[in-house]
Amino acid sequence: MRHTGVQGVHRRRLRGGTRRDESATPSQNLVERNFTPDAPDRLYVADVTQHRTSEG
């Protein structure tokens, strides 16, 4: 790349995400950090990750 004069593109990292509404009432903590359910299909846990797309 140096020999041909080509450079990589550096883009700034965009800050995004959810902003907390200070006036909102928080939801109940139904899990209470107990991740060992009594029976099958009693507790579901998910990880939500944002992925940028060209559609927005």
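Every chain's residues receive numbers from 1 upward, in the order its sequence appears when written. With the structure being a predicted model, the display of local features is reserved for residues of pLDDT at least 70 and the display and counting of side-chain atom pairs for 80 or more, all residues being used for whole-chain, interface and lining totals. Heavy atoms from the whole structure form the basis of all side-chain values; hydrogens and water molecules are not counted.

Chemist: Describe in detail the overall build of the chain, supporting the description with residues and values.
Modeler: Secondary structure is summarised from DSSP: a helix means a run of H or I of at least four residues, a strand means a run of E of at least two, and numbering begins at the N terminus for each. The helix and strand inventory of the chain stands at zero helices and zero strands. The C-alpha radius of gyration computed for the chain amounts to 22 Å, which surpasses the reference 10 Å derived for 56 residues by more than 25%, pointing to a less compact arrangement than a globule. Here the C-alpha coordinates of the chain stretch approximately 65 × 35 × 20 Å along the principal axes. Accessible surface computed for the chain: about 7000 Å², of which carbon and sulfur atoms make up 46%. When the 10 basic and 7 acidic side-chain charges of the chain are each reduced to a single mean position, those positions are 18 Å apart. Here the radius of gyration uses the C-alpha set of atoms, whereas the globule reference equals 2.2 Å times the residue count to the power 0.38. The accessible surface values rely on the Shrake-Rupley method and a 1.4 Å probe; as for residues, cover is taken only from the protein chains in view. Charged-residue counts in this description rest on Lys and Arg as positive and Asp and Glu as negative, His and the chain ends being excluded. By convention, the point assigned to a charge is CZ for Arg, NZ for Lys, CD for Glu and CG for Asp.

Chemist: For unusual backbone geometry, give the residues involved together with the corresponding values.
Modeler: The residue Asp41 is not glycine, and still its phi comes out positive at about 60 degrees. Relative accessibility thresholds used throughout: buried, under 20% of the residue-type maximum; exposed, over 50%; partly exposed, between the two (1.4 Å probe, protein chains only). For Asp41, a relative accessible area of 62% puts it in the exposed group.

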